[in-house]
Amino acid sequence: MALNRRRLLAGGAAALTTAGLLPRVALAADTIKLGAILDKSGPFDAYGKPMDMATQLAVSEINAAGGLLGREVEIVGYDTQSDMALYSQYAQQLTRQDNVDVVHGGILSASREAIRPTMRKTNTLYFYNVLYEGGVCDRNTFINGVTPAQQVEALVPYAMGQSGKKVYILAADYNYGQITARWIEKFVKENGGEVVGVDFFPLDVSDFGSTIAKVQTAAPDLVIAPLVGGAHLSFFRQWAAAGMKDRIALASTTLGVGNEHKVLTPEEGNGIMVAYNYSQELDTPENVAFKEKWAEMFDGDQSMHEIAVSQYHGLHTWAEGVRKADSIERMPVIEALETSISIEGPGGKVTVDPQTHHAVLDVHLMEFQDQAMRVVETLPQREPIDTQAVCDLAANPDDNTQYEIEF
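Residues numbered from 1 in each chain as written. Predicted model: local features only at pLDDT ≥ 70, side-chain atom pairs only at ≥ 80, totals over all residues. Heavy atoms only, no water.

*Asks:* Please explain the confidence of the model for the protein chain as it appears in this structure.
*Replies:* The predicted coordinates ought not to be read in detail in places where the model reports low pLDDT. Residues of the protein chain with pLDDT of at least 70 account for 92%, and the chain-wide mean is 91. Predicted confidence is poor over residues 1–26, with pLDDT under 50, and the contacts of this stretch with residues over four places away or in other chains come to 68 contacts. (pLDDT = per-residue confidence, 0-100. Contact = heavy atoms within 4.5 Å.)

Following this line, the structure appears as structure tokens:
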């Protein structure tokens with residue numbers, strides 16, 4: 001595949017103490033400040049609220065175990081209300097006024113690109129803990145979500161094997177959807193398939209009647225839908241209401257990361273195919289313990305999902321880097337993380353890839369069944385080979401690019 005370089009353009013604080021999960025430990029008075037910028041309200045709060053809860057849980061665990069360097073970690077968090085302009089504002093506030101030591105935040109790719117330049121300018125370590133389109137190459141940034149080579153490359157042949165070779169793509173109309181659609185096309189063709197249609201939709205589109213009729217005319221075997229947000233959830237309901245779910249197979253690279261499968265009825269969701277790093281149904285000691293601690297801290301709540309768990313992984317990865325560096329300073333922590341630090345989390349083993357600062361992750365092929373994500377197969381320790389093909393921070397530590405694939 002041919003690749004080129006392109007930089008994509010993008011358009012109240014609270015302290016947390018131990019939540020009673022473990023005994024309190026005496027800590028130094030000065031805190032380590034962890035910045036968090038998330039959509040805790042607005043159209044994307046189904047993603048942001050559990051990510052905020054994951055932040056609280058991880059920090060409570062870190063503090064209950066003695067904090068870091070004998071100091072308590074304090075969350076300085078802001079709610080962007082799903083407003084991209086507030087991401088830039090709060091990034092400035094966290095770094096220039098609050099003087100945080102690290103920032104974990106952003107959900108949409110546009111929000112990441114609103115934050116990332118400020119983090120570099122102010123030398124503030126940044127973690128983006130969400131699945132995305134891949135290609136970010138920035139030594140100041142660490143990414144814990146799955147990329148297309150980890151997720152889409154596994155999902156496409158599995159879904160085609162369950163349905164057929166003719167594929168229609170319906171995607172969100174911004175950089176995640178546009179770039180992911182091209183990755184889907186690549187993997188469909190590599191697996192002997194044919195893409196018979198591609199349509200893009202702004203995030204506020206909720207009427208898919210004409211689109212469903214268009215897909216019916218194209219008569220694919222499979223629809224793959226990188227659709228995003230509450231408005232796009234309407235597609236899956238309208239698809240089922242039109243009687244299409246049992247006629248043409250469905251797969252998605254996003255559905256379920258915000259627990260949308262629990263909102264859909266079984267009649268609307270059963271059989272939809274996905275591939276992620278996390279499912280509540282994973283039967284591992286780490287996931288069982290994680291769900292118990294989450295329920296204890298949040299009064300029986302069970303809203304954890306893919307990107308909340310990525311956020312949780314990201315905080316514990318950062319904490320492990322601080323411990324190894326024996327410092328909160330940015331460069332020692334970066335160098336410690338670049339030693340291929342690993343943690344065991346509810347989604348499996350998570351290892352920092354020093355070349356790209358992305359995560360090596362387990363990916364689970366799954367199908368929705370009765371509002372659960374049933375694991376069909378686990379693909380262990382998949383590397384972010386898409387970003388590895390264009391990014392080498394060991395050789396080029398000053399790189400600051402989001403690379404985009406071209407075919």
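*Asks:* Any chance you could explain the environment of Leu 203 here in plain terms?
*Replies:* Mapped onto the elements of the fold, Leu 203 is located in the loop between strand E9 (194–201) and helix H6 (209–218). A residue is classified by how much of its surface remains accessible, and Leu 203, at 28% relative accessible area, is partly exposed. Each C-alpha atom, one on Leu 203 and one on Gly 164, is 29 Å from the other, the two residues being 39 residues apart in sequence. Setting aside chain neighbours within four positions, we find Leu 203 in contact with Phe 44, Leu 108, Ala 172, Tyr 174, Val 228, Ala 231 and His 232. (Helix = DSSP H or I, 4+ residues; strand = E, 2+ residues; numbered from the N terminus. Buried < 20%, exposed > 50% of the residue type's maximum accessible area, 1.4 Å probe, protein only.)

*Asks:* Help me out: how do you make sense of the nonpolar core in this one?
*Replies:* Proteins that are soluble and globular tend to have nonpolar side chains buried together. Counting residues in each nonpolar core, the largest one holds 87 residues, and the members touching the most others are Leu 222, Val 223, Phe 235, Phe 236 and Trp 239. Shared between two domains, this core takes at least three residues from each, and those domains are domain 1 (28–146 + 281–362 + 382–402) and domain 2 (152–252). With sequence-adjacent residues up to four places away left out, Phe 235 is seen in contact with Leu 170, Phe 208, Ile 212, Val 223, Leu 227 and Leu 250. Ala 54, Leu 57, Ala 58 and Trp 318 belong to the second-largest nonpolar core, a separate cluster that totals 36 residues. (Core = buried A, V, L, I, M, F, W, Y, C linked by side-chain atoms within 4.5 Å. Domains from an automatic or database assignment.)

*Asks:* Hey, could you run me through the pattern of salt bridges in this one?
*Replies:* Should their charged atoms come close, side chains of opposite charge can pair. Under the counting rule described, the total for this entry stands at 17 salt bridges. Taking the shortest distance from any N to any O, the salt bridge between Lys 293 and Glu 61 comes out at 2.8 Å. One end of the pair, Lys 293, is in helix H9 (residues 285–297); the other, Glu 61, is in helix H1 (residues 45–64), and 232 residues separate them in sequence. Using a relative accessible area of 28% as the deciding quantity, one classes Lys 293 as partly exposed. Among the ionic pairs, Arg 116 bridges to Glu 113, the shortest N-O distance being 2.9 Å. Residue Arg 116 and its partner Glu 113 are both found in helix H3 (residues 109–121); the two are separated by 3 residues, about one turn of the helix. Looking at Glu 113, the relative accessible area reads 7%, which means it is buried. (Salt bridge = Lys/Arg side-chain N within 4 Å of Asp/Glu carboxyl O.)

*Asks:* Just to check I follow, could you spell out empty space enclosed by the protein for this structure?
*Replies:* Where empty space is left can be seen by rolling a probe of water-molecule size over the atoms. Empty space within the largest cavity amounts to approximately 140 Å³. What lines the largest cavity is a set of 14 residues, among which Ile 107, Leu 108, Val 130, Leu 131 and Tyr 174 lie closest to the centre. Here the residues of the lining of the largest cavity sort into 12 nonpolar, 2 polar and no charged. Taken domain by domain, the lining of the largest cavity gets at least three of its residues from each of domain 1 (28–146 + 281–362 + 382–402) and domain 2 (152–252). (1 Å grid on protein atoms, 1.4 Å probe; cavity = no way out; pocket = protein on both sides within 12 Å on 5 of 7 lines; lining within 4 Å. Points joined across faces, edges and corners; volume = space filled by probe spheres on them. Nonpolar A, V, L, I, M, F, W, Y, C, P; charged D, E, K, R; others polar.)

*Asks:* Can you help me understand the state of the cysteines in this one?
*Replies:* One covalent bond between the sulfur atoms of two cysteine residues makes up a disulfide. Here the structure, examined in full by the defined rule, presents 1 disulfide. Two residues share a disulfide in this structure: Cys 137 and Cys 391, whose sulfurs sit 2.1 Å from each other. Linking Cys 137 and Cys 391, the disulfide has an S-S dihedral of approximately 75° and is accordingly described as right-handed. Of the two residues, Cys 137 sits in strand E6 (residues 136–138) while Cys 391 sits in the loop between helix H12 (385–388) and strand E17 (400–406), which places them 254 residues apart along the sequence. (Disulfide = S-S within 2.5 Å.)

*Asks:* Would you mind showing me how to read the packing of aromatic side chains here?
*Replies:* Scanning the entire structure with this criterion turns up 14 aromatic pairs. Seen from their ring centres, Tyr 78 and Tyr 90 are 4.7 Å apart, and the 10° between their planes marks the pair as stacked. Here Tyr 78 is found in strand E3 (residues 71–79), whereas its partner Tyr 90 is found in helix H2 (residues 84–97), with 12 residues between them in sequence. A relative accessible area of 6% means that Tyr 78 is categorised as buried. Judged by centre distance (5.6 Å) and plane angle (20°), the ring pair of Trp 183 and Phe 187 falls under stacked. Residue Trp 183 and its partner Phe 187 are both found in helix H5 (residues 175–190); the two are separated by 4 residues, about one turn of the helix. Judged by its relative accessible area of 6%, Trp 183 is buried. Taken together, Phe 201, Phe 208, Phe 235, Phe 236 and Trp 239 form an aromatic cluster joined through their ring pairs. (Phe/Tyr/Trp six-rings, centres within 6.5 Å; stacked < 30°, edge-to-face > 60°.)

*Asks:* In this structure, what is going on with the packing of helix H4 (residues 152–162) against H5? I would like to understand it.
*Replies:* Each pair of packed helices can be described by the angle between their axes along with the distance between the axes. Relative orientation of the contacting elements H4 and H5 amounts to 50°, with a least axis distance of 9 Å. Here H4 is positioned oblique relative to H5, judged by the angle of their axes. Judged by the twist between their axes, the crossing of H4 over H5 is right-handed. Touching Val 152, Glu 153, Val 156 and Met 160 of H4 are Thr 180, Trp 183, Ile 184, Phe 187 and Val 188, all from H5. Considering only residue class, the contact of H4 with H5 consists of 7 nonpolar, 1 polar and 1 charged. (Axes fitted to C-alpha atoms, helices over the stretch in contact; angles between N-to-C directions. Parallel < 35°, antiparallel > 145°, perpendicular 65-115°, else oblique. Left-handed = near helix turned anticlockwise from the far one by under 90°.)

*Asks:* What's the story with the layout of surface pockets in this structure? I'm lost.
*Replies:* Its volume calculated, the second largest pocket comes out at about 160 Å³. Around the second largest pocket, the lining residues are Glu 61, Glu 286, Ala 289, Phe 290, Lys 293, Tyr 312, His 316, Ile 343, Glu 344, Gly 345 and Pro 346. Among the elements that line the lining of the second largest pocket, the one with the most residues is H9, at 4 residues.

*Asks:* Help me out: how do you make sense of unusual backbone geometry in this one?
*Replies:* Generally, phi is negative for residues other than glycine and the peptide bonds are trans, each holding for most cases. In this structure, Asp 326 takes a positive phi of about 55° despite not being glycine. Its location among the elements puts Asp 326 in the loop between helix H10 (306–325) and helix H11 (330–337). Residue class for Asp 326 comes out exposed when judged on its relative accessible area of 60%. The backbone phi angle of Asp 370 is positive, close to 55°, even though this residue is not glycine. If you trace the backbone, Asp 370 turns up in the loop between strand E15 (358–369) and strand E16 (372–382).

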